Amino acid sequence: MSAVLITQCLQQDFVAPVGRYDQLPNLLHIGFEEARRLMGEVPAEGPVARVMRWAYQQPDARLQLIHIRDWHDAGDPEQKRHFEQFGEHCVKDTPGAAFVFEAPARAGKLVTLIDSPGLNDFLGTSLASALAVPARIGVMGVWTEAKVSFLAYELRTRFPTAEIAVCSALTASASRNGHFLALTQMQKLLGVRIIDSVGGFVDFLGGKLDEAPLPVSTVAGAQPQFEFTGKVAPSDVDRQLLAYLFRDCTTVRAKALSGGFSGNLVLACDSTDRERRRQVPHVVKIGERDPIGRERAAFEQIEQVLGNSAPRITDFADWGGRGAIKYRYAAMGEGVASTFQRLYMEGLPQSEVERILDTVFGEQLARLYSAPERERADLFDYYAFSAKWAPHVRERVEALLGAPAHGESLILSGNVTTPNVCRFYDSVLDSLPRQRSRSWWFAHVHGDLNGANIILDAHQNVWLIDFSIRIVAISSRTWPSWKTMCSTSGHQ
């Protein structure tokens, strides 16, 4: 077998969609938010269902499919302690033990079903004999920090040469923080490849997600009608993604927003559903599949921290090498939205400039900066300072100067003198001592913050878009205000 796809506990008792305020069916259900993230707003059209449709289409010689399910006997005394710790769940032959996806009719796919009575899926099961010596193994399901992590450990120790991958969009847990921490630990300690886009995960398994089309109606008049304003020319693939994201709508008015320097398509969308009700505003970002997948995963890590200061991810998809994220701005007022950059260039009053920046740095992003954690790292490696870049740096600097970059310092336009960065890369960088054992404060930042990514709605509410979240090192727990940074750098 060239590749194996293992699903882990994708069962009703763990991930069945529930209402936001419904009582959970048991102690191990991952909850409303995570179930919605994993299964999608409409489970039959969500990422899990789509991957299953693709998997069941694959020849057995190309993809081995294994479903692991929790399967408990309430009358077995050996499982009594398990129930005492985790509560009753996934009792055999009950609705709660059923899968949350349906096998396609007449698929003809050979599927291995593993009934797991405990935390170790190899103990007391036929999983070991079911696996040959796979070249690639992909895992999806729940819980990320428990069953998925335990399975990854067993696979790594039993098949040390195999490539193992887990998709962040196809795994979940009751704790969003625990979910991403577990992914990080699997990557660092077990060498598991973490893939953020669903299409990238399918690529890893040797297929193409395009083989499982997006569930968009092809009936004339059933697709939403789009009206684009601004400098926007969506491709056919982009239109397909938009039709999927607004598949419950009749009309969508999409206005182009400047998305910074990433080259992505960013649209402010007003939509009307099939009951002729106007929906809350959305912003859709479309770009290359894998960077969009990484942005989704990064944003999910800080989504709950930012609260109403930032949008909520309501849907995502990828198709034809492109990815899309649909953000909901539940409290954005009606009317025309604009970017801070545009308003500033049009002469925004200084008092309003300060209000907006105070909101961005003092109220919104400060929530990220105020919770740093110490982590050991060599900052030269972390920030990719390496002498191997010396020829490229020199080429860029000399192109800027229009002359060779020699000496201790350089003279820039306006008779500004600066240390010669070429010399730093050529002869200084490799001689500097490394501090690999030292720890630093790390915190999340926006990653692509500029005036075009700050949005003001008609009621002058301040919103952030186009996140490219990064974890960066900072010098201390105290993050300076934007006014302090401006004053110390000489900018007003």
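So, how was this worked out
- Residues numbered from 1 in each chain as written.
- Predicted model: local features only at pLDDT ≥ 70, side-chain atom pairs only at ≥ 80, totals over all residues.
- Heavy atoms only, no water.
- Core = buried A, V, L, I, M, F, W, Y, C linked by side-chain atoms within 4.5 Å.
- Buried < 20%, exposed > 50% of the residue type's maximum accessible area, 1.4 Å probe, protein only.
- Helix = DSSP H or I, 4+ residues; strand = E, 2+ residues; numbered from the N terminus.
- Contact = heavy atoms within 4.5 Å.
- Pairing = 2+ DSSP bridges.
- Disulfide = S-S within 2.5 Å.
- Axes fitted to C-alpha atoms, helices over the stretch in contact; angles between N-to-C directions.
- Parallel < 35°, antiparallel > 145°, perpendicular 65-115°, else oblique.
- Nonpolar A, V, L, I, M, F, W, Y, C, P; charged D, E, K, R; others polar.
- Salt bridge = Lys/Arg side-chain N within 4 Å of Asp/Glu carboxyl O.

Enquirer: Would you mind going over the nonpolar core with me for this structure?
Expert: For soluble globular proteins, nonpolar side chains are generally found buried alongside one another. Core analysis: the biggest nonpolar cluster contains 42 residues, and L5, L38, V48 and V142 have the highest contact counts within it. The element that contributes the greatest number of residues to this core is helix α3 (residues 47-57), accounting for six residues. The contact partners of V142, leaving out residues within four places of it in the chain, are Q8, C9, F14, V15, I30, L38, K147, V148 and A172. Listed in part, the 33 residues of the second largest apolar core include V283, I356, I454 and L464.

Enquirer: I'm lost on the pairing of strand β15 (residues 409-412) in this one. Help?
Expert: The side chains of a regular strand alternate between both faces of the sheet. As judged from the four bridges shared by β15 and strand β16 (residues 416-419), these two strands associate in the antiparallel manner. Looking at β16, one finds that I411 is bridged to T417. Hairpin connection from β15 to β16: three residues lie between these consecutive antiparallel strands, with G414 at a positive phi of about 85°.

Enquirer: Where do I start with the environment of I286 in this structure?
Expert: Along the polypeptide, I286 turns up in strand β10 (residues 282-288). Relative accessible area serves as the criterion here: at 0%, I286 is assigned to the buried category. In sequence terms I286 and Q58 are 228 residues apart; their C-alpha atoms lie 28 Å from each other.

Enquirer: How should the state of the cysteines be read in this particular structure?
Expert: The bond known as a disulfide is covalent and runs between the sulfur atoms of two cysteines. Applying the stated rule across the entire model yields zero disulfides. The thiol of C90 is not disulfide-bonded; the next cysteine sulfur, from C9, is found 6.5 Å away. Judged by relative accessible area, C90 falls into the buried class, the value being 0%.

Enquirer: Looking at this structure, how should I read the packing of helix α6 (residues 144-158) against helix α7 (residues 176-190)?
Expert: A packed helix pair is summarised by two numbers, namely the angle formed by the two axes and the spacing between the axes. Taken N-terminus to C-terminus, the directions of α6 and α7 make an angle of 10°; their axes are 10 Å apart at the nearest point. It follows from the interaxial angle that α6 and α7 lie roughly parallel. Contacts between α6 and α7 involve T144, E145, V148, S149, A152, Y153 and R156 on the former and, on the latter, G178, H179, A182, L183, M186 and L190. Taken together, the residues that form the contact of α6 with α7 break down as seven nonpolar, four polar and two charged.

Enquirer: What's the story with unusual backbone geometry in this structure? I'm lost.
Expert: For residues other than glycine, phi is negative in most cases, and the peptide bonds are mostly trans. Cis rather than trans, the peptide bond between V142 and W143 has omega equal to -20°. One non-glycine residue, C9, lies in positive phi territory at about 55°. Tracing the backbone through its elements, the reader meets C9 in the loop between β1 (3-8) and α1 (12-15). Relative accessible area serves as the criterion here: at 1%, C9 is assigned to the buried category. Of note in this structure, N415 is not a glycine but carries a positive phi near 60°. Within the fold, N415 resides in the loop between β15 and β16.

Enquirer: Which parts of the structure should I look at to understand the sheet that holds strand β18 (residues 454-456)?
Expert: In a beta sheet, neighbouring strands are held together by backbone hydrogen bonds and run either parallel or antiparallel to one another. Taken in spatial order, the three strands line up as β13-β18-β19 in an open sheet, and their pairing is antiparallel. Both outer strands of the open sheet, β13 (338-339) and β19 (462-464), are each paired with one neighbouring strand and no more. Here β18 runs beside β19; their pairing, made up of three bridges, is antiparallel. Residue pairing across strands places I455 opposite W463, the latter belonging to β19. Of the strands in this sheet, β18 and β19 touch helix α12 (residues 350-364), which is tilted by about 50° from β19.

Enquirer: Where do I start with the pattern of salt bridges in this structure?
Expert: Between side chains of opposite charge, a pair can form when the charged atoms approach closely. Under the criterion given, the structure shown has 33 salt bridges. One salt bridge connects D315 with R247, and the closest N-O pair in it is separated by 3.0 Å. Remark: R247 occurs in the loop between α9 (236-245) and β8 (249-257) and D315 occurs in strand β11 (residues 312-319); sequence separation between them is 68 residues. Considered together, D315 and R247 belong to a single accessibility category, that of buried residues. Here R436 ties to D378 by a salt bridge, and the two come within 3.7 Å at their closest N and O atoms. Placement of the pair is R436 in the loop between α16 (421-428) and β17 (439-445) and D378 in the loop between β14 (373-376) and α14 (379-382), with a sequence separation of 58 residues. Here R436 falls in the exposed class, since its relative accessible area comes to 51%.

Enquirer: Would you take a moment to explain α3 for this structure?
Expert: Along an α-helix, a turn takes 3.6 residues, which lines up residues three or four apart on a common side. Burial analysis of α3 places nine of its eleven residues in the buried class, which makes it a mostly covered element. Considered for burial, the residues of α3 that qualify are P47, V48, A49, R50, V51, M52, W54, A55 and Y56.

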